[in-house]
Amino acid sequence: MDVFAVLADPTRRAVLDLLADGDRTAGDLAQAAPALTQPAVSRHLRVLREAGLVRVRVDGQRRVYRLAPAPLTEVDAWVDRYRTRWTAALDRLADHLVEEDPT
């Protein structure tokens, strides 16, 4: 599945944000996102796993999920094409603000 399509869903991005802080079980993720049910979290985790964005390991009866950042390099490479434009625009804005208020 296309990483960009997977990341288009705000709930999946929220799950990735939670996993960026460390490994979690589906139950932990459901508790951290009370608007989601355990089955909904599991469905989102399945999509993220199929896209290669998360890895799972079995720990007894639990499945522990971990962020797998490698597929995000594709996203970063795409964003990088625009980053220089944003940086240049922000630099120009900073220069303009300094000229307007030199204090």
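Worth saying up front: this structure is predicted, and the values here are computed from it rather than measured. Note that residues are indexed from 1 along each chain, following the sequence as it is written. The predicted nature of this model means local features are confined to residues of pLDDT at least 70 and side-chain atom pairs, given and counted, to a pLDDT of 80 or more, with totals for whole chains, interfaces and linings taken over all residues. By convention in this description, side-chain values take in all heavy atoms of the structure and omit both hydrogens and water.

> Can you break down the pattern of salt bridges residue by residue, with the values?
Salt bridges are identified by distance alone: a Lys or Arg side-chain nitrogen within 4 Å of an Asp or Glu carboxyl oxygen. Taken as a whole and judged by the stated rule, the model has six salt bridges. Among the ionic pairs, Glu50 bridges to Arg46, the shortest N-O distance being 3.5 Å. Residue Glu50 and its partner Arg46 are both found in helix H4 (residues 38-50); the two are separated by four residues, about one turn of the helix. In this structure Arg46 comes out as partly exposed when scored by relative accessible area, which is 37%. By sharing partners, the salt bridges in this structure join Asp23, Arg57 and Arg66 into a single network. Secondary structure follows DSSP: runs of H or I at least 4 residues long count as helices, runs of E at least 2 residues long count as strands, and numbering of each begins at the N terminus. Only protein chains enter the calculation, and the probe is 1.4 Å; a residue is then buried if its accessible area is under 20% of its type maximum, exposed if over 50%, and partly exposed in between.

> Any details on the packing of aromatic side chains? Residues and values, ideally.
Ring pairs (aromatic) are described by centroid distance and by the angle formed between their planes. Note on aromatic pairs: the rings of Phe, Tyr and Trp (six-membered ring only in Trp) are paired at centre separations within 6.5 Å, and the planes decide the class, stacked below 30 degrees, edge-to-face beyond 60, tilted for the rest. Considering all chains together, one arrives at two aromatic pairs under this definition. The interplanar angle of 55° and the centroid separation of 5.1 Å between the aromatic rings of Trp78 and Tyr82 together place this pair among those described as tilted. Here Tyr82 and Trp78 lie together in helix H5 (residues 72-100), a separation of four residues that amounts to about one turn. What makes Tyr82 partly exposed here is its relative accessible area of 27%. Among the aromatic residues, ring-to-ring pairing joins Phe4, Trp78 and Tyr82 into one connected group.

Spatial relationships are all this shows, so hold off on functional conclusions.
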